[in-house]
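Structure assessment
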Amino acid sequence: MAVQARTEAAFDAKGVLSLYAALERGNQLVSAAPDLASKPSRQAVDKYLSPRKQALDVWKRGLRFRSDDSELANEITSRVEAVSIGAANELKQQSRPFVADKNWTEEIAMLTAGIETLKLAMDISRTDRLVLTTAALLVERGRSHLQTGATVANQTAAIRDMDEARKLNPTDDNIKQSAAQAYNSRGCNKENRNSTADFTAAIGLYPQALFYANRAVDYLQASNYDSALEDLAEACKRDRQQKYVEMAAAAYNAKGMSILNRYKGGYGRPSPWEFREARDCFANAVQLAPGDSAFRSNYTTVAALC
């Protein structure tokens, strides 16, 4: 029993010594690290980060000896947070000239370096500040991906960043809105073969009239008139812009025409209830867009047959 007590005491003493040595060595590395010039090259970024990453590694190894009430361990944790967030913020600040030049590739590289540093720090101590800072930088990088070019690849990269940020900070409305806009952007890309799912994701994250209207267009192209009309009704409810009203009128007219077109070419004749359904569709179209002569003509023609 006495031997065990002496062993534990020696381990504690070694632990405190190791923590102190780790703290001091990490601080020395950071103190000797170079500053970051404005608009730096990637080599300059590597030189700036290398000693700081070494310090994080030293602190990580030192914390293997931590004890729950160790003041030294808490001080190392604070240094991990301060150094990594400071580096990430400096990289973000010095990437601004790339933004001004619209050099999104270099700006993304700077943000990526900051994100990677923050993730190293979170692997040591997952503090709230580290989590929130990482989420914010991921959102910024996601927005830069969207600026790089309207390709599915860029939009997918943006969505990946936004989704990762949401996992880190799931209650932040600004992150949800940014993620929704990224999904909507990819949904609007003509090369996207799964646009309806993207509009649905955008609506689920941060419902807006525009997202409902965009999904309605997809439904109309698939001849899913009822779903399109539901979405357009929601769009008008949220933001009664004239263009959404006109879209709804056109959707009603298209639905009415689709009923009649089933019998185009002499293949039978609509039933009385189908005539009434088509008439009601044209009536709704006229009500929403009373100045459209085609809608009114369709209504008049079908109403006379009911």
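Everything below is about the structure shown above.
Residues numbered from 1 in each chain as written. Predicted model: local features only at pLDDT ≥ 70, side-chain atom pairs only at ≥ 80, totals over all residues. Heavy atoms only, no water.

Now for the packing of helix α6 (residues 128-148) against helix α8 (residues 173-188). As a packed pair, α6 and α8 sit with axes 11 Å apart at the nearest point and diverge in direction by 25°. The angle between α6 and α8 places the two elements in the roughly parallel class. As α6 packs across α8, the resulting crossing turns out to be left-handed. Two secondary-structure elements touch here, α6 through Ala135, Val139, Arg143 and Leu146 and α8 through Ile175, Ser178, Ala182 and Ser185. Considering only residue class, the contact of α6 with α8 consists of five nonpolar, two polar and one charged. (Axes fitted to C-alpha atoms, helices over the stretch in contact; angles between N-to-C directions. Helix = DSSP H or I, 4+ residues; strand = E, 2+ residues; numbered from the N terminus. Parallel < 35°, antiparallel > 145°, perpendicular 65-115°, else oblique. Left-handed = near helix turned anticlockwise from the far one by under 90°. Contact = heavy atoms within 4.5 Å. Nonpolar A, V, L, I, M, F, W, Y, C, P; charged D, E, K, R; others polar.)

A few words on the packing of aromatic side chains. Where two aromatic rings form a pair, the distance of their centres and the angle of their planes describe that pair. One pass over the structure, following the stated rule, counts zero aromatic pairs. Across the ring face of Tyr48, the terminal group of Arg52 is positioned such that the distance to the ring centre comes to 3.8 Å. (Phe/Tyr/Trp six-rings, centres within 6.5 Å; stacked < 30°, edge-to-face > 60°. Lys NZ or Arg CZ within 6 Å of the ring centre and 35° of its normal.)

Attention now goes to the side chain of Lys255. In this structure, Lys255 sits in helix α12 (residues 242-261). Of note is the side chain of Lys255, whose polar atom sits 2.6 Å from the side chain of Asp226. With sequence-adjacent residues up to four places away left out, Lys255 is seen in contact with Tyr225, Asp226, Leu229, Glu277 and Cys281. (Polar contact = N/O pair within 3.5 Å; in protein donor to acceptor, adjacent residues only side chain to side chain.)

By size, the foremost hydrophobic cluster in this structure holds 50 residues, and its most contacted members are Trp59, Ile76 and Val80. Of the residues forming this core, the biggest block, seven residues, is contributed by helix α3 (residues 71-94). In this structure, Ile76 is in contact with Leu19, Ala22, Leu23, Trp59 and Leu63, ignoring residues within four places of it in sequence. Core analysis: the next-biggest nonpolar cluster, separate from the first, contains nine residues, Leu36, Val45, Ala87 and Phe98 among them. (Core = buried A, V, L, I, M, F, W, Y, C linked by side-chain atoms within 4.5 Å. Buried < 20%, exposed > 50% of the residue type's maximum accessible area, 1.4 Å probe, protein only.)

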